[in-house]
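These are the residues of each chain, in order.
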Amino acid sequence: KVYALERGTVIDHIPHPMAMKVVEILGMTQAGILTEGMNFPSQRLGHKDIVKVENLKLTPQVTDLVALVAPTATINIIEDSKVVEKRAITVPMSIKGYLRCPNPNCITNVESVATHFVREGEASQATVRCTYCERQYNKPAELVT
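So, here's what we can say about the structure. Small disclaimer: the values here were computed from a predicted structure and weren't measured.

This part is about the state of the cysteines. Within the structure shown, the criterion is met by 0 disulfides. Cysteine 133 supplies the cysteine sulfur nearest to cysteine 101, a cysteine that is in no disulfide, at a spacing of 3.6 Å.

In structure tokens:
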């Protein structure tokens, strides 16, 4: 069983088994309880994961990065044990440093250059293009470093 938060962030409806990738994207460096629930039954997804982070209110910029690996996820901000904000997420237009370009000839794999991708098309389609080598990728979740 997963306990209720008094204050923090709940990321729900994460496709199973992507909870670990979500935590990786969040870069958990603050002190507090982090709870990962995996393989819960879900009518919408079949099975889902949940991530709860105590005493942390995530910014929309950070939570939108979650869409790279969990486009179906929803963000719930909790205060005084109540949901005070519910957010849908979308893949951001520009993604710097979170993805790795699989093109071995890309400058980001040859020199010390941070990656930079831009979203192509609608957020629900989730295709990204490397701004350096111009290659387009349809599955950004596989590019997360």
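Anyway, onward from the coordinates.
Look at the link from histidine 16 to proline 17: it is a cis peptide, with omega at 5 degrees. One non-glycine residue, aspartate 80, lies in the positive phi region at around 50 degrees. Tracing the sequence through the fold places aspartate 80 in the loop between β4 (74-79) and β5 (82-88). Since its relative accessible area comes to 62%, aspartate 80 is described here as exposed. We note that glutamate 134 has phi near 70 degrees; this positive angle belongs to a residue other than glycine. Here glutamate 134 lies in the loop between β8 (127-130) and β9 (136-137). Classification of glutamate 134 as partly exposed rests on a relative accessible area of 46%.

For the rest of this paragraph, the subject is the environment of tyrosine 132. By secondary structure assignment, the location of tyrosine 132 is in the loop between β8 and β9. We classify tyrosine 132 as partly exposed; its relative accessible area is 42%. A sequence separation of 122 residues divides tyrosine 132 from valine 10, and the C-alpha atoms of the two residues are 35 Å apart. Excluding anything up to four places from it in sequence, tyrosine 132 contacts Cys106, Ile107, Thr108, Val113, Ala114, Thr115 and His116.

The subject of this paragraph is the pattern of salt bridges. Pairs can form between side chains of opposite charge once their charged atoms are near each other. Scanning the entire structure with this criterion turns up 4 salt bridges. One salt bridge in this structure joins glutamate 120 and arginine 129, with 2.8 Å as the shortest N-O distance. Of the residues examined, arginine 129 reaches a relative accessible area of 21% and is grouped as partly exposed.

About the criteria used
Residues numbered from 1 in each chain as written. Predicted model: local features only at pLDDT ≥ 70, side-chain atom pairs only at ≥ 80, totals over all residues. Heavy atoms only, no water. Disulfide = S-S within 2.5 Å. Helix = DSSP H or I, 4+ residues; strand = E, 2+ residues; numbered from the N terminus. Buried < 20%, exposed > 50% of the residue type's maximum accessible area, 1.4 Å probe, protein only. Contact = heavy atoms within 4.5 Å. Salt bridge = Lys/Arg side-chain N within 4 Å of Asp/Glu carboxyl O.

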